[in-house]
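# Coordinate analysis (summary)
For reference, the chains in residue letters:
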Amino acid sequence: MAYTVTLAGQGWTFVTDAPATVLESAERAGIRLPSSCRNGTCRTCICLSTSGAVRYKTDWPGLSLDEKREGYILPCVAIAESDLTIEAPAANSGVRSSIASRAQP
Ligand code: FES
């Protein structure tokens, strides 16, 4: 089932559908979220989910129980189980990046 992910700060939305992770779905939509390992260990992608639910494709994503309770998720291994709202201030869109890189000498 497809769900909508909203980036609260930017107002951008994209659709995600299992088995795609939130990170993979964002990239397909041209939105770049911070990432590195892409397997739930480095925590580069950590962000706050202010609404919605996820499950993980790994048994032990690199989040503490307290972080999970506070709403933090790891988009690289998170699969949406409902519509989500996330806060990812460092996210950027590929369109904006390509425009910015073309403007440079
Ligand atoms: S990219 Fe490393 S934990 Fe998500």
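Residues numbered from 1 in each chain as written. Predicted model: local features only at pLDDT ≥ 70, side-chain atom pairs only at ≥ 80, totals over all residues.

## So, the overall build of the chain
Along the backbone of the chain there are three helices and nine strands. In sequence order, the chain lays out its α and β elements as β-β-α-β-β-β-α-β-β-β-β-α. Among the 105 residues that make up the chain, the fraction classed as buried is 26%. Counting only contacts in the chain whose residues sit at least 6 apart along the sequence, the fraction spanning at least 24 positions is 62%. (Helix = DSSP H or I, 4+ residues; strand = E, 2+ residues; numbered from the N terminus. Buried ≥ 20, exposed ≤ 12 C-beta atoms within 10 Å, placed from the backbone. Contact = placed C-beta atoms within 7 Å.)

## Quick notes on the pairing of strand β8 (residues 84–87)
The alternating pattern of β8 places Leu-84 and Ile-86 on a buried face and Thr-85 and Glu-87 on a face that is not buried. In the sheet, strand β1 (residues 2–7) pairs with β8 via three bridges, with the strands oriented parallel. Considered in β8, the bridge of Leu-7 is made with Ile-86. For strand β4 (residues 47–51) and β8, the ladder comprises three bridges, and the chain directions are antiparallel. Across the sheet, Ser-51 pairs through a bridge with Thr-85, a residue of β8. (Pairing = 2+ DSSP bridges.)

## A closer look at the sheet that holds strand β6 (residues 72–73)
Spatial ordering of the open sheet is given by β2-β1-β8-β4-β6, a layout of five strands whose pairing is mixed. At either margin of the open sheet sits one strand with a lone partner, and together these are β2 (12–17) and β6.

## Topic: the confidence of the model for the chain
For the chain, per-residue confidence averages 90 on the pLDDT scale, and residues scoring 70 or more make up 89% of the total. The low-confidence segment residues 96–105, where pLDDT is below 50, has one contact with residues more than four positions distant or belonging to other chains. (pLDDT = per-residue confidence, 0-100.)

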